[in-house]
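# Chains, contacts and geometry: an overview
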Amino acid sequence: MAAQIWGSEKRARRRREISAKIAQMPELHDSKPLPFMTREEKIMESARKLTILTEKMGQIIDPTDPAELYHLNNEVLGLEGNPMALHGVMFIPALSAQASDEQQAKWLPRALRREIIGTYAQTELGHGTNLQNLETTATYDLATQEFVLHTPQITALKWWPGNLGKSSNYAVVVAHMIIKAKNYGPHPFMVQLRDEKTHEPLPGITIGDIGPKMAYNIVDNGFLGFNKYRIPRTNLLMRHTKVEADGTYIKPPHAKINYSAMVHVRAYMLTGQAIMLASALNIATRYSSVRRQGQIDKSQPEVKVLEYQTQQHRLFPSIARAYAFQFAGAETVKLYEHVLKEMKSGNVSLMADLHALTSGLKSVVTYQTGEGIEQARMACGGHGYSMASYISEIYGVAIGGCTYEGENMVMLLQLARYLVKSAALVKSGQSSKLGPLVAYLGVKSEPTSLIDRIPNSGFTEYVKTFQHVSKRQTLKAADMFFGLMEKGEKREIAWNKCSVELNRASRLHTRLFIVEAFVRRVNEIADIRIKEALTDLLHLHVNYELLDIASYALEDGFLSASQLDYIRDQVYLYLGKIRPNAVSLLDSWEFSDIELRSVLGRRDGNVYENLFKWAKSSPLNKTDVLSSVTQYLKPMMEKARL
Ligand SMILES: CCCCCCCCCC/C=C\CCC/C=C/C(=O)SCCNC(=O)CCNC(=O)[C@H](O)C(C)(C)COP(=O)(O)OP(=O)(O)OC[C@H]1O[C@@H](n2cnc3c(N)ncnc32)[C@H](O)[C@@H]1OP(=O)(O)O
Ligand SMILES: Cc1cc2nc3c(=O)[nH]c(=O)nc-3n(C[C@H](O)[C@H](O)[C@H](O)COP(=O)(O)OP(=O)(O)OC[C@H]3O[C@@H](n4cnc5c(N)ncnc54)[C@H](O)[C@@H]3O)c2cc1C
């Protein structure tokens with residue numbers, strides 16, 4: 001199963017080898033539980049481990065393999081981030097995709113050797129979503145052949161970029177490029193922020209940390225202002241766009257090609273989200289098979305809480321989602337790598353499809369991951385609320401994904417633009433022009449679902465039902481939009497008035513893609529036992545998801561009330577079937593105790609002993625009487641006694 005999850009037997013084996021090596025290297029372990037550290041201590045601890053890793057990485061992993069790097073990162077540095085998180089996630093990808101060969105030769109080897117630390121600075125205090133209204137300017141000075149970076153007012157301060165505040169000394173900065181008073185829109189520039197020797201901010205740069213956040217606090221998300229700060233012309237990233245010495249602008253082959261670093265993260269973060277969801281579920285499911293509370297049959301002893309159907313219903317559909325996201329994420333990464341290669345050689349024809357797909361996926365996956373992790377926390381009762389479970393940190397980090405790389409509603413609306421264009425093709429009889437991801441929009445569907453009517457139809461009837469609801473909602477939302485425009489409404493106003501319906505279409509389309517990715521994967525599996533276990537999970541997935549969106553299929557009679565009852569029964573049937581495999585389905589992800597960082601979710605299941613040990617190690621328990629008591633509470637009580 002681990003081979004299915006991680007892509008191959010070799011990958012699963014390598015993960016095990018890496019975890020085993022790390023287990024033998026105490027210098028790479030947290031020196032004490034992270035929740036007992038202050039933010040400064042955590043940042044220090046992370047930097048300590050990071051530097052050891054830089055020295056010893058080659059002994060542990062193949063540093064050129066992103067999957068090995070990611071595993072090493074999760075084990076040693078953990079999900080709260082590290083001082084170089086954005087360096088790998090965005091700075092290097094931005095340089096790789098957007099810098100010319102010459103620029104790459106100059107900067108990439110230094111970045112890869114970690115001579116310099118970089119980040120991606122785009123969002124500002126006043127604008128994150130609407131890139132056209134970013135306010136930082138890069139004005140070309142023809143006389144000196146330099147760009148002058150400037151922050152015209154407080155809202156133009158860069159705000160949020162990870163590791164910008166304290167750790168990075170370089171950044172890819174996105175600024176509006178102005179040449180001879182003409183604004184060419186946002187473009188990426190390579191900018192040195194700090195002196196390479198002293199790490200002091202360079203003159204003209206104002207920089208710092210934006211303060212503690214809900215989670216992810218090892219990362220120093222930062223602010224940055226420029227006061228007429230000069231950089232050479234050749235620091236504009238020039239793979240696709242060029243500015244010649246005389247100010248001539250050579251436009252890129254696609255208007256949005258400079259957005260590729262964002263698409264990179266949107267594609268890669270899906271499996272990251274799956275891992276976080278599976279981690280939280282691993283903790284909750286292990287704990288649920290240790291925790292005994294109440295009886296189902298009063299004549300019997302107390303049961304493991306995992307025996308309760310409500311507990312299974314809370315956890316198992318999310319287990320199915322974690323697998324579904326992992327499989328859909330793996331497909332998306334493959335597609336992304338393909339499109340990136342094409343883009344580098346000038347073929348930009350697939351960019352729109354990739355943008356639409358990743359926009360929808362990042363939104364649906366992050367939202368459902370958040371839901372699943374929160375349910376996992378509640379499934380652990382009171383102990384889930386303790387930082388000892390570590391689920392709250394996993395939750396905080398995961399839901400950051402609903403916001404970063406494009407706020408979810410906004411990204412769903414990006415996909416909706418693509419769906420509405422596709423609907424227009426269908427309506428004008430040009431369905432043959434639909435891309436493969438939306439081809440179903442042009443296919444006539446049956447009048448009613450045949451779920452429960454065709455025995456052994458596999459998942460075909462389910463897929464058809466998802467296609468039906470997605471198609472219907474897309475055409476309905478598009479009709480609403482076109483109708484408003486026909487009535488004379490301006491395009492943007494009409495769009496806004498339909499946006500809830502449009503986003504519903506985007507979610508349904510994306511959920512269909514996830515179901516199909518899961519079906520594709522299960523169909524490929526040769527090993528009978530693995531196929532059986534995953535088929536059960538897929539049954540739960542399709543029935544649970546369909547129940548969740550049933551109103552769309554009920555309202556036009558595609559599904560009947562009796563079919564709905566059938567689907568509900570299937571959910572209950574598969575909850576029961578999955579119960580014996582539940583812990584294994586999560587243990588198969590092979591998270592080590594070091595990586596999980598959870599007292600509740602430890603492999604040995606010694607929950608109570610470990611919780612007591614953990615509580616005793618709380619810094620508050622170093623003394624029996626706190627100074628807050630001697631200084632304030634004790635005098636108060638004494639005064640009251642007089
Ligand atoms: C094994 C390895 C595993 C690795 C796992 C890795 C895990 C990673 C975890 C990382 C953890 C933490 C890191 C956090 C880092 C966070 C970083 C950031 O947040 S960076 C900032 C991100 N910011 C955004 O995403 C901003 C969102 N806004 C936008 O993207 C745009 O403004 C947008 C798209 C909303 C609008 O853009 P614009 O104003 O320029 O659009 P127009 O209206 O002019 O045009 C719309 C038109 O353009 C098309 N379009 C838009 N984007 C793209 C694109 N990228 N590609 C192709 N086409 C694009 C769009 O479809 C429209 O087309 P149209 O034909 O007109 O409909
Ligand atoms: C943990 C974290 C890490 C980050 N790291 C980085 C980084 O490394 N580099 C970087 O540059 N940035 C980073 N960011 C910033 C992030 O990319 C932005 O916060 C994000 O893109 C959302 O933009 P915003 O804050 O402007 O939200 P807003 O756009 O202000 O969103 C507020 C509300 O307005 C709604 N809204 C906005 N526009 C529309 C619209 N057109 N239609 C409908 N609704 C709309 C949204 O849906 C939302 O409900 C990070 C953010 C976080 C939380």
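Computed from a prediction, not measured in an experiment: that's the story for all the values here.

## Topic: the UniProt feature "active site" (unreviewed entry) in the protein chain
UniProt records the feature "active site" (unreviewed entry) at Glu 405, using the numbering of this structure. Note that Glu 405 resides in the loop between helix 11 (391-403) and helix 12 (408-427). Not counting residues within four places of it along the chain, the set of residues in contact with Glu 405 comprises Met 90, Met 262, Val 265, Arg 266, Met 269, Lys 362 and Met 411.

## Here's the deal with the nonpolar core
In this structure, Phe 316, Tyr 323, Leu 534, Leu 537 and Trp 589 are the most contacted members of the largest nonpolar core, which totals 103 residues. Top element by residues in this core is helix 7 (residues 260-288). It accounts for 11 residues.

## Brief notes about the environment of Ser 560
Inspection of the secondary structure puts Ser 560 in the loop between helix 17 (550-554) and helix 18 (561-578). Separated by 105 residues in the primary sequence, Ser 560 and Pro 455 have C-alpha atoms spaced 17 Å apart. If near-sequence neighbours (up to four positions away) are discounted, Ser 560 is found in contact with Arg 453 and Leu 554. At a separation of 3.2 Å, a polar atom in the side chain of Ser 560 contacts the side chain of Ser 562.

## Structural notes on the site of ligand 2
Lining the immediate environment of ligand 2, one finds 18 residues, of which Tyr 120, Thr 123, Gly 128, Thr 129 and Glu 407 sit closest. Between ligand 2 and the protein, one listed contact pairs a nitrogen atom with a backbone N or O atom of Tyr 120 at 3.0 Å. The separation between an oxygen atom of ligand 2 and a polar main-chain atom of Gly 128 is 2.9 Å. In the complex, 63% of the free accessible area of ligand 2, which totals 970 Å², lies under the protein chains. Each residue belonging to the shell around ligand 2 can be placed in one class, and the counts come to 8 nonpolar, 8 polar and 2 charged. A domain split of the shell around ligand 2 shows at least three residues from each of domain 2 (116-252) and domain 3 (259-425 + 467-585).

## Here's the deal with the site of ligand 1
Near ligand 1 lie 29 residues; those nearest to it are Thr 129, Gln 132, Lys 256, Tyr 259 and Lys 421. Between ligand 1 and Lys 421 there is a distance of 2.3 Å, counted from an oxygen atom to a side-chain nitrogen or oxygen. For ligand 1, whose accessible area on its own is 1,400 Å², the fraction buried by protein is 80%. Mapped onto the shell around ligand 1, the elements with two or more residues apiece are helix 4 (66-77), helix 5 (85-98), helix 7, helix 9 (351-379) and helix 12.

## Examining the UniProt feature "binding site: FAD" (unreviewed entry) in the protein chain
The feature "binding site: FAD" (unreviewed entry), as annotated in UniProt, sits at Thr 123 and Gly 162 in this numbering. Separation in sequence by 40 residues is not matched in space for these annotated residues, since their most distant C-alpha atoms are only 10.5 Å apart. Locating Thr 123 in the fold gives a position in the loop between strand 1 (118-121) and strand 2 (137-141). Every residue in contact with Thr 123, bar those within four places of it in the chain, is listed here: Gly 128, Leu 157, Lys 158, Trp 159, Trp 160 and Pro 161. Mapped onto the secondary structure, Gly 162 falls in the loop between strand 4 (158-159) and strand 5 (170-179). Look past the residues within four positions of Gly 162 in its chain and what remains in contact with it is Leu 86, Thr 119, Val 219, Asp 220 and Asn 221.

## Overview of the domain arrangement of the protein chain
On domain assignment, one finds that the protein chain holds domain 1 (2-82), domain 2 (116-252) and domain 3 (259-425 + 467-585). With centres defined by C-alpha atoms, the gap from domain 2 to domain 3 works out at 35 Å. With 10 residues of domain 2 in contact, the opposing surface of domain 3 contributes 12 residues. On inspection of domain 2 and its partner domain 3, the count reaches 0 salt bridges. There are 1 residue pair in polar contact (both at pLDDT 80 or more) connecting domain 2 and domain 3. Looking at the side of domain 2 that touches domain 3 residue by residue, the classes come out as 5 nonpolar, 4 polar and 1 charged.

## Quick word on the pairing of strand 9 (residues 229-232)
Only one face of strand 9 is covered, namely the one carrying Tyr 229 and Ile 231; the face carrying Arg 230 and Pro 232 has none of its residues buried. In terms of strand pairing, strand 3 (residues 146-150) meets strand 9 through 4 bridges, oriented antiparallel. Within strand 9, the position partnered with Leu 149 by the bridge is Tyr 229.

## Focus on the sheet that holds strand 8 (residues 222-226)
The strands making up a sheet associate through hydrogen bonds between their backbones, and the pairing can be parallel or antiparallel. If you walk across this open sheet you meet the 3 strands as 4-8-7, and the pairing is antiparallel. The two strands at the open ends of the sheet, each matched to only one other strand, are strand 4 and strand 7 (205-209). Relative to strand 8, strand 7 runs antiparallel, the two sharing 5 bridges. Within strand 8, the position partnered with Ile 205 by the bridge is Phe 226.

Definitions and cut-offs
Residues numbered from 1 in each chain as written. Chains lettered and ligands numbered in written order. Predicted model: local features only at pLDDT ≥ 70, side-chain atom pairs only at ≥ 80, totals over all residues. Heavy atoms only, no water. UniProt positions renumbered as here; feature names shortened; annotations may be inferred. Helix = DSSP H or I, 4+ residues; strand = E, 2+ residues; numbered from the N terminus. Contact = heavy atoms within 4.5 Å. Core = buried A, V, L, I, M, F, W, Y, C linked by side-chain atoms within 4.5 Å. Buried < 20%, exposed > 50% of the residue type's maximum accessible area, 1.4 Å probe, protein only. Polar contact = N/O pair within 3.5 Å; in protein donor to acceptor, adjacent residues only side chain to side chain. Near = heavy atom within 4 Å. Areas by Shrake-Rupley, 256 points an atom, 1.4 Å probe, with all protein chains shown as cover. Nonpolar A, V, L, I, M, F, W, Y, C, P; charged D, E, K, R; others polar. Domains from an automatic or database assignment. Salt bridge = Lys/Arg side-chain N within 4 Å of Asp/Glu carboxyl O. Pairing = 2+ DSSP bridges.

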